[in-house]
Number of protein chains: 4
Amino acid sequence: FRLKRKGHKTCIMSKGTVVLAYSGGLDTSCILVWLKEQGYNVIAYLANIGQDEDFEAARKKAESLGAKKVFIEDLRSQFVEDFIWPAVQANAVYEDRYPLGTAVARPCIAHRQVEIARREGAQFVSHGATGKGNDQIRFELTCYALYPEVKIIAPWRIPEFYNRFRGRTDLMEYAQKHGIPVPVTPRAPWSMDANLMHISYESGILENPKSHAPADLYLMTKNPEDSPNEPDVLEIEFKNGVPVRVTNVKESTSKDTPLDIFSYLNEIGGKHGVGRIDIVENRFIGMKSRGIYETPGGTVLLKAHLDIETFTMDKEVRRIKQGLGIRFSELVYNGFWDSPECDFVRHCIAKSQENVEGKVQLSVFKGQVYILGRESSKSLYNEELVSMDVQGDYDPCDASGFIRINAVRLREHHRLQGFSGTKK
Amino acid sequence: FRLKRKGHKTCIMSKGTVVLAYSGGLDTSCILVWLKEQGYNVIAYLANIGQDEDFEAARKKAESLGAKKVFIEDLRSQFVEDFIWPAVQANAVYEDRYPLGTAVARPCIAHRQVEIARREGAQFVSHGATGKGNDQIRFELTCYALYPEVKIIAPWRIPEFYNRFRGRTDLMEYAQKHGIPVPVTPRAPWSMDANLMHISYESGILENPKSHAPADLYLMTKNPEDSPNEPDVLEIEFKNGVPVRVTNVKESTSKDTPLDIFSYLNEIGGKHGVGRIDIVENRFIGMKSRGIYETPGGTVLLKAHLDIETFTMDKEVRRIKQGLGIRFSELVYNGFWDSPECDFVRHCIAKSQENVEGKVQLSVFKGQVYILGRESSKSLYNEELVSMDVQGDYDPCDASGFIRINAVRLREHHRLQGFSGTKK
Amino acid sequence: FRLKRKGHKTCIMSKGTVVLAYSGGLDTSCILVWLKEQGYNVIAYLANIGQDEDFEAARKKAESLGAKKVFIEDLRSQFVEDFIWPAVQANAVYEDRYPLGTAVARPCIAHRQVEIARREGAQFVSHGATGKGNDQIRFELTCYALYPEVKIIAPWRIPEFYNRFRGRTDLMEYAQKHGIPVPVTPRAPWSMDANLMHISYESGILENPKSHAPADLYLMTKNPEDSPNEPDVLEIEFKNGVPVRVTNVKESTSKDTPLDIFSYLNEIGGKHGVGRIDIVENRFIGMKSRGIYETPGGTVLLKAHLDIETFTMDKEVRRIKQGLGIRFSELVYNGFWDSPECDFVRHCIAKSQENVEGKVQLSVFKGQVYILGRESSKSLYNEELVSMDVQGDYDPCDASGFIRINAVRLREHHRLQGFSGTKK
Amino acid sequence: FRLKRKGHKTCIMSKGTVVLAYSGGLDTSCILVWLKEQGYNVIAYLANIGQDEDFEAARKKAESLGAKKVFIEDLRSQFVEDFIWPAVQANAVYEDRYPLGTAVARPCIAHRQVEIARREGAQFVSHGATGKGNDQIRFELTCYALYPEVKIIAPWRIPEFYNRFRGRTDLMEYAQKHGIPVPVTPRAPWSMDANLMHISYESGILENPKSHAPADLYLMTKNPEDSPNEPDVLEIEFKNGVPVRVTNVKESTSKDTPLDIFSYLNEIGGKHGVGRIDIVENRFIGMKSRGIYETPGGTVLLKAHLDIETFTMDKEVRRIKQGLGIRFSELVYNGFWDSPECDFVRHCIAKSQENVEGKVQLSVFKGQVYILGRESSKSLYNEELVSMDVQGDYDPCDASGFIRINAVRLREHHRLQGFSGTKK
């Protein structure tokens, strides 16, 4: 499609309706006005996925900027149940470290955006994601997958837009000119993205991979140096590989809905400074980027789930599932949540979780999660079988045969090396 | 081979010479005497791989028990360079959690044991590993691989032995009868295995997976509750994926030989309570067992290596290497260090590390390791390319094409679902 | 358990009941009598899985040898539906070449053996598989998995048995002494195993991997030099990844039950000499062995299924499924059909086959299967999209962006190589 | 970069020099002239990779069309040694069927194109690949990887070009107008690509996946219905996983340079109709496309290499190498020959081939390759060890222990299922 500059602000015929993923901030406010300027009817859509935001103020702002409709959608429960829970089942971690807090949120937001676009008859969707990042891909792949005919307007990839707005100053100027309220507090020298699962920090002064993150950067977790000197002890109960209850053992309080459980784990994890990481990761588009993340509840859950999973799942099932989990993490990171392969992998992983149930006790303290013990009626752990004090139904002589058969191949290999003299 | 009970203690003709992996403790002392009783010449071999032991006392004890020769071998440098370093390159972790401290030590011990057996013309080797564990396999696979004709005497798998020694009491009695010094300090209600890389704790009261480990169990790491309230900040320099120098940034001291580096990381990690885990794992023989491990230096290195590796290694090379690292960990856990496949994987992983060099800064505090920053002349990180403030040699329009081509398949899939009506 | 030699042939008290997998041949006939001699009640069990055998003669023979009961079980349909079909869905091939004809049959036989043992209250099962092969493992792992308390008598691994029967002469002598009918036709200088899926040939003169197989060895397939000079053209229709109908296009005949379909494919494949392979493979116990196989129907199906699968399955789902299929093949080869991991993999693979439906046309001629064309209402193939003559809903400019983004990483890598000068 | 329409044919200032991958055919002849028209100096580059072409006529044609320079480069030996041989070592096959004949040729062509461009100071490269295919990606990724600053002109993705040339008629008209010789023979209703390794056929009437390929399509292989009624028997000798000699056993002739060996295998394979496939494959850009390929020599080599590899390589090394080979095939198919990951995988695979040496005997007949036997001084095959008639250094009792230990996990699983009652 082609965007054409209009010579006058009002155009008789609209180009159509666009559903804009609106954040309430400066960028998407400017985009809202700019889209109107380009001749679109704009529907502002703001997903509540747990970020700290004055949603009513955002609604009013969008309306005042000329949005034809504004949808503020509370997706928090859906985000936890349909997006975070599968990630928990998968032990989803990208490149061994990043728990995917942003990646998991993007398809959640885009699902509703597509729903609104279809319902409202909008042919266009738009977002404020930049042209070098992963989020543009995550948003758009989900949109294309669920709404193949959709047309996507990504202003930060449109020369008319990005050449006009080359920096924050340009946006500020435009805002002032168009009556867009400008932020009064000075902006942090980095960008951030927040949701129920995590806050990410990147860009600006963080782009130098050598420089340390400032101590005051973190908003979701306490600095472990200042966190309580006493641990909290939690018991998390799992069923089908997802938590169904969390209990604070000392306080005897518990939570048992997905959103409450996750929020409580965020609270406790955050209080003790759990889940901070500073990494360089590989974006889908092939760049390395530096990101700082805090994922308090997600980190607690990852550790607890790993524990109950290994306790209850067959060893060899787990090996296969581990590979699927890595694949899942890559798919989600790259924006393929709504792909046939991610559906397939999610299905397989969910299948593997059928017996993953039981309770894990853990303590949370000074940035760490310590597993203390676990129990399950579905465990394959057999205390008698493994005991060093009881022989049980186990004949140690069998191990001799097991070892000798495993050695057949190794001994043959040695024989060959002797012949060929190539042993190095 | 057949063990025959002798009617009298001394036999005119020896059955041959056995090199016994001797620990100095009650079990292998009894085995030493029992092997003599069975008619073998016994060579006691005690590897120093960093465990806390009075090696000279052990030598005297072995001699007094009738060992024909005693070899006390300091393998610490070799252990670090030839066994721990490849594990560091691999980011070796078994089942997502266990850093393989025992598994990596076993082939190191067995290598020298085989060398001694060959040199001394011994046809037999022996060890005190139990019949349900992994260590018997690790010892023996290495022995068979390097010395295919060797005969292995594993007393804990020989009915004559294990039926005679059904518990500690039997060993104590036998010891008293045969002049074997018995330990005076009461024994911990669990078993442990220590080396430079870690201490493991299992069995006894730990066999109940639900019961918490006692606070006084750990010998190598401080309880984070009692550890310093101030972090240490280290800079670790890597070359070829292994550390070549560690510097304490505040104190400006540094270490630069493998053994010194690793020992220093143990010291700092231990001081801050780093590397404690409590897990249930899957043994090679298919049992689940509960183990508690503390791996202070290894944990610091794992985090630092992960960071410098992702910083310097190509994304797709890393994905392939990640799979090889998981395979390596399984092989090492299962005792296949000396197998053609482990040789192959080690070679490939080492190849992948050629550009893994640079410096990582990190802080160690209250059980945690925090990466602070990193730098490298070999990094593929390109600050200009990734910057959100600079366009650089990057055209954001390319991303539109990239996304749309990635969506081709997803849109086709949606089309099919429409036809078949099987979209769930 | 302990086998004790009896001083007299009849013993007052039986040691218990054993269900023997009986083939009707010399080996298992001797085993039947020997087991009786050892004091067991023997139930002879002979599975009809499509081998060429006079089952009624075998029944009489077993009865005459003293079997307390004889079960001749027609498992052919079950073999096709529950064992061959999952292998077809998986494109199961071991080490890139062997279609697993024996491996897939073993658990089928053992399932019924366990059923009979449980129903008849037998504590023991027995078989005539040798001590160096894979089949012993396949039989026994299934027995242990489905009947964990079972005791297994594997005579070829019992010294009293194998030391007594060191060669065929010993078996012949024993047979003559005990009234066991001995084969009158001279025995082929190799061993073979036949079922509906294939015949395997190994041992004897085939043990020299260099010597060619004799031309008259093959029983299931025509020599392609003598096969018809005109192809047969078949159309195979699939649903859920398994064939539901096969039609001979020229003759307009068709089959539509699993057993009929598979038998017909064997007939046509056999007539045209399809599915002969001569390979060296790696046994589970680590030995390399030479095997010659003919798998006519299975080979036709493998080719046809590969075609319809790639035609209908999403590319990325297929990549993941390919890995699962390789894993499945290894598991089946090694005898783990009845393991939690094989259950899991089978479930995942079956899930992937939901849209694998449509028709494949192929010709069978002189040992080869040629795919001619395919059609499906579930295909993801889009003739318009892919056409070189129609642009369709595809903008070629998108490919430029796609390529350039894929090149970002490669160009960065080149930059690094320039700096480090390590480009080789 | 920006293409600007010129109002007159000659431009004072050239836009720069472009190295065009020229085939001598209609399309690239038109592109040559069109590029000149656009203001470029054009260097025509024609790689001889074994296709059937009158190279001198092509040179004259290019010169007559106004190419400033013409390079005809004989890359056949390099193609075999540097591109086909690594594919042989990898057993490279895409999606279980396609031996990658085109994919392997593309980087070979592009390597020289980049060399010429650098040497001649050309900033641009160009090719005639279409905008929906894989080849554009393969060419360009190699160009970007080896010459990151290069600018690529892909006319079939430039609207000015593809909107002007909407079909063959437009090209013919343009040719006539610009003095480009037009083909006199009528064009086949499909497109094809030929090189030493294969010929591929696609598009046109082949786009209907159901319609059968015409019998006269194939140019490189005889129709098996018309091929000799007598097989040829070859012995192929391998070293480091690549062939070093091929001998026709009956004729006692042999070849021993890479190009001679491969050409001879093409001759024999072609004579017997070996290597025809008709498949639907998944392009990198996510479309399914139908392709017909004939790869005579490559198919013979694939079968022979698989045989000698399994014969000489350790089982577990092979399992890991199999995964790397699949990865290699995907990378090559997708155009990533010149990527760090493909370098890495190639290195690892080459390492695995160090002991892959020996001789394979095979017969070639009526479209099939039959392995007859093999021998190697590096084999891990041990005839005595595996023999069913000799016990050798193998204790069958060991197998009992091996099986029972492997069953530990399966029996535990059964126990759990009993408890949970979830056995289905």
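With an unreviewed UniProt entry as reference, chain A is termed Argininosuccinate synthase, source organism Amphiprion ocellaris. Of the comments in the UniProt record for chain A, the one headed Catalytic activity (unreviewed entry) reads "L-citrulline + L-aspartate + ATP = 2-(N(omega)-L-arginino)succinate + AMP + diphosphate + H(+)". Recorded in UniProt for chain A, the comment headed Subcellular location (unreviewed entry) runs: "Cytoplasm, Cytosol".

Engineer: So what's going on with the packing of helix H10 (residues 315-334) of chain C against helix H10 (residues 315-334) of chain D? Which residues, and what values?
Structural biologist: Where H10 of chain C contacts H10 of chain D, the axes come no closer than 13 Å and their chain directions differ by 160 degrees. Taken as axis vectors, H10 of chain C and H10 of chain D run roughly antiparallel relative to one another. Pair H10 of chain C / H10 of chain D crosses with right-handed handedness. Contacts between H10 of chain C and H10 of chain D involve Arg319, Gln322, Ile326, Arg327 and Glu330 of chain C from the first element and Arg319, Gln322, Ile326, Arg327 and Glu330 of chain D from the second. Here the residues of the contact of H10 of chain C with H10 of chain D sort into 2 nonpolar, 2 polar and 6 charged.

Engineer: Give a detailed account of the interface of chain B and chain D, specifying residues and quantitative values.
Structural biologist: Facing 21 residues of chain B, the contacting portion of chain D comprises 21 residues. Summed over both partners, the interface of chain B with chain D comes to about 2,000 Å²; 77% of that surface belongs to carbon and sulfur atoms. Our count for the chain B to chain D interface comes out at 2 salt bridges. Residues Arg327 of chain D and Glu316 of chain B are paired through a salt bridge, measuring 3.7 Å at the closest nitrogen-oxygen approach. Our count for the chain B to chain D interface comes out at 1 residue pair in polar contact (both at pLDDT 80 or more). At the level of secondary structure, the elements contributing two or more residues to the side of chain B that touches chain D comprise helix H10 (315-334), helix H11 (340-352) and helix H13 (396-420) of chain B. The element that contributes the greatest number of residues to the side of chain B that touches chain D is H11 of chain B, accounting for 8 residues.

Engineer: Please provide a residue-by-residue account of the UniProt feature "domain: Arginosuccinate synthase C-terminal" (unreviewed entry) in chain A, values included.
Structural biologist: What UniProt calls "domain: Arginosuccinate synthase C-terminal" (unreviewed entry) maps, in this numbering, to residues 190-411 of chain A. Within residues 190-411 of chain A, the helical portion is 38% and the strand portion 25%, while the C-alpha atoms at the span's ends are 59 Å from each other.

Engineer: Requested: an account of the relation of the copies chain B and chain D, with residues and values cited.
Structural biologist: Copy one and copy two of the chain differ by a rotation about a common axis and a shift along it. Of the transformation superimposing chain B on chain D, the axial component is 0.0 Å and the angular component is 180 degrees, with the fit at an RMSD of 0.0 Å. As the rotation angle and translation indicate, the two copies are arranged about a two-fold axis. Rotation axis and chain B: the residue whose C-alpha lies nearest the axis is Cys348 of chain B, separated from it by 2.9 Å. With an isologous cut-off of 70% or more, the 100% of interface residues of chain B that recur at the interface of chain D puts this contact in the isologous class.

Engineer: Run through the interface of chain A and chain B, naming residues and quoting values.
Structural biologist: Contact with chain A, which involves 101 residues of that partner, is made by 100 residues of chain B. In this assembly, chain A packs against chain B so that about 9,600 Å² is buried in total across both faces, 56% of it on carbon and sulfur atoms. Linking chain A with chain B are 12 salt bridges, by the criterion used here. When the shortest N-O distance is used, the salt bridge between Arg374 of chain A and Asp278 of chain B registers 3.0 Å. Applying the counting criterion to the chain A and chain B interface returns 50 residue pairs in polar contact (both at pLDDT 80 or more).

About the criteria used
- Residues numbered from 1 in each chain as written.
- Chains lettered and ligands numbered in written order.
- Predicted model: local features only at pLDDT ≥ 70, side-chain atom pairs only at ≥ 80, totals over all residues.
- Heavy atoms only, no water.
- UniProt positions renumbered as here; feature names shortened; annotations may be inferred.
- Axes fitted to C-alpha atoms, helices over the stretch in contact; angles between N-to-C directions.
- Helix = DSSP H or I, 4+ residues; strand = E, 2+ residues; numbered from the N terminus.
- Parallel < 35°, antiparallel > 145°, perpendicular 65-115°, else oblique.
- Left-handed = near helix turned anticlockwise from the far one by under 90°.
- Contact = heavy atoms within 4.5 Å.
- Nonpolar A, V, L, I, M, F, W, Y, C, P; charged D, E, K, R; others polar.
- Buried area = accessible area lost by both parts, 1.4 Å probe.
- Salt bridge = Lys/Arg side-chain N within 4 Å of Asp/Glu carboxyl O.
- Polar contact = N/O pair within 3.5 Å; in protein donor to acceptor, adjacent residues only side chain to side chain.
- Least-squares fit on C-alpha atoms with pLDDT ≥ 70 in both.

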